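# Coordinate inspection notes
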Amino acid sequence: MSLAKPAMRGLLGKRLRFHLPIAFALSLVAAAAFKYGVTGPRKQAYADFYKQYDTTKEFNNMRDAGVFESVRTTGE
Amino acid sequence: MLHLTTGRVGCLLSKQAVVALTGSGARMSSHGHHEVSDSVDMSQPMYWDRLDTPLPDRPWKDVLDSTDKSLKQKEKGPWTALSKEEKIALYRLKFNHTYPEMKRPSHEWKTVIGGMFIFFGITGLVVFWQGHYVYPPQPPTFDEEWQAKQLQRMLDMRTNPIEGLSSQWDYKNKQWK
């Protein structure tokens, strides 16, 4: 009938010493994953799109499709 | 007063639900209390089995017979003189359930899940009836033809050409990429 006395003090400290480094590491991983997985490719996609974007050509395409109210389609 | 209300509820619900409702409530000792079975005198010290409050105001067994009384006398001496059975008997005089007994699992979850599903089903029927009898006619914007024209206009306008809708459309071959 003699058990070891359980830990009575330092319980929060012990938990923090274990969990805080893990929390920090996981947060950094999450941030890095987002930066390299989402924002990086997105910025690249925008850059690539506008590299070969011909404004006039696109405008004329849209105009011919008839979506503008201020400009009539060519040949009207 | 607690017993009064749960007793009333017991008439309406199943026994299982009543057990669930009285799960963590205070209980009267079944041992020799000269009271009307339904009511609890809240002005007297009470006994309870609670996980969070381990030591109730009074012991479980108040009315001791002669064997219990002699045991209590023996308790006043050195405890090393008590046998294991006597220690357990003293515990059982003082408490109704042990902690493992208090924490014993019950079948309540089946009632809960079953009740949940019953209400989901009733809600489903209500929603179906509503869709048939209450909703007004659908706006024209939901028609197949309208939706097709809408999509064509969005592609013509080049909505989200970089990462969104128009980026998935092949304008040369007039099809999805």
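Reading the values: rules and limits
Residues numbered from 1 in each chain as written. Chains lettered and ligands numbered in written order. Predicted model: local features only at pLDDT ≥ 70, side-chain atom pairs only at ≥ 80, totals over all residues. Heavy atoms only, no water. UniProt positions renumbered as here; feature names shortened; annotations may be inferred. Helix = DSSP H or I, 4+ residues; strand = E, 2+ residues; numbered from the N terminus. Buried < 20%, exposed > 50% of the residue type's maximum accessible area, 1.4 Å probe, protein only. Areas by Shrake-Rupley, 256 points an atom, 1.4 Å probe, with all protein chains shown as cover. Lys, Arg positive; Asp, Glu negative; His and termini not counted. Salt bridge = Lys/Arg side-chain N within 4 Å of Asp/Glu carboxyl O. Polar contact = N/O pair within 3.5 Å; in protein donor to acceptor, adjacent residues only side chain to side chain. Contact = heavy atoms within 4.5 Å. Buried area = accessible area lost by both parts, 1.4 Å probe. Nonpolar A, V, L, I, M, F, W, Y, C, P; charged D, E, K, R; others polar. 1 Å grid on protein atoms, 1.4 Å probe; cavity = no way out; pocket = protein on both sides within 12 Å on 5 of 7 lines; lining within 4 Å. Points joined across faces, edges and corners; volume = space filled by probe spheres on them.

As annotated in an unreviewed UniProt entry, chain B is Cytochrome c oxidase subunit 4 from Oncorhynchus mykiss. What UniProt states about chain B under its Function (unreviewed entry) heading is, verbatim, "Component of the cytochrome c oxidase, the last enzyme in the mitochondrial electron transport chain which drives oxidative phosphorylation." Per its UniProt entry, chain B bears the Pathway (unreviewed entry) comment "Energy metabolism; oxidative phosphorylation."

As annotated in an unreviewed UniProt entry, chain A is Cytochrome c oxidase subunit 6C from Oncorhynchus mykiss. In its Subcellular location (unreviewed entry) section, the UniProt record describing chain A reads: "Mitochondrion inner membrane". Taken directly from UniProt, the Pathway (unreviewed entry) text for chain A runs: "Energy metabolism; oxidative phosphorylation."

Scanning chain A from N- to C-terminus turns up two helices and zero strands. Each of the 76 residues in chain A was classed as buried or not, and the buried ones make up 4%. For chain A, the accessible surface area stands at approximately 7100 Å², while carbon and sulfur atoms represent 62% of it.

Residues and elements named next belong to chain B. Structurally, Asp-170 is set in strand S1 (residues 169-170). The side chain of Asp-170 is buried and forms no salt bridge, while Lys-172, the nearest opposite charge, is found at 6.3 Å. A distance of 3.2 Å separates a polar side-chain atom of Asp-170 from the backbone nitrogen of Lys-172.

Another point: the UniProt feature "transmembrane region" (unreviewed entry) in chain B. Per the UniProt entry, the sites bearing "transmembrane region" (unreviewed entry) are residues 112-131 of chain B in this numbering. A helix fraction of 100% and a strand fraction of 0% characterise residues 112-131 of chain B, whose end C-alpha atoms lie 28 Å from each other.

Quick look at the interface of chain B and chain A now. How big an interface is tends to be stated in terms of accessible area lost as the parts join. Across the contact, seven residues belong to chain B and 10 residues belong to chain A. When the two sides are added together, the surface that chain B and chain A hide from each other amounts to roughly 800 Å², 65% of it contributed by carbon and sulfur. It is Arg-158, Ile-162 and Glu-163 of chain B that lose the most area in chain B upon contact with chain A, and together they represent 64% of the buried surface on that side. Among the ionic pairs, Arg-158 of chain B bridges to Glu-58 of chain A, the shortest N-O distance being 3.1 Å. Linking chain B with chain A are two residue pairs in polar contact (both at pLDDT 80 or more), by the criterion used here. Here the residues of the side of chain B that touches chain A sort into three nonpolar, no polar and four charged.

Here we take up unusual backbone geometry. Most peptide bonds adopt trans geometry, and most residues besides glycine take a negative phi value. Residues and elements named next belong to chain B. Residue Arg-158 is not a glycine yet carries a positive backbone phi of 60°. In this fold, Arg-158 is placed in the loop between helix H7 (144-156) and S1. Take Arg-158: its relative accessible area is 13%, and that puts it in the buried class. The backbone of Lys-174 sits at a positive phi, close to 55°, despite the residue not being glycine. With respect to the helices, strands and loops of the structure, Lys-174 is situated in the loop between S1 and strand S2 (175-176). Taking relative accessible area as the criterion, Lys-174 reaches 63% and is therefore assigned exposed.

So, on to the layout of surface pockets. In this structure, the largest pocket occupies an estimated 710 Å³ of space. Along its surface, the largest pocket is lined by 25 residues, and Glu-58 of chain A together with Arg-158, Ser-166, Trp-169 and Tyr-171 of chain B are the ones closest to its centre. Elements with a contribution of two residues or more to the lining of the largest pocket: helix H1 (11-51) and helix H2 (55-65) of chain A together with H7 and S1 of chain B. With five residues, the single largest contributor to the lining of the largest pocket is H2 of chain A. Taken together, the residues of the lining of the largest pocket break down into 10 nonpolar, five polar and 10 charged.

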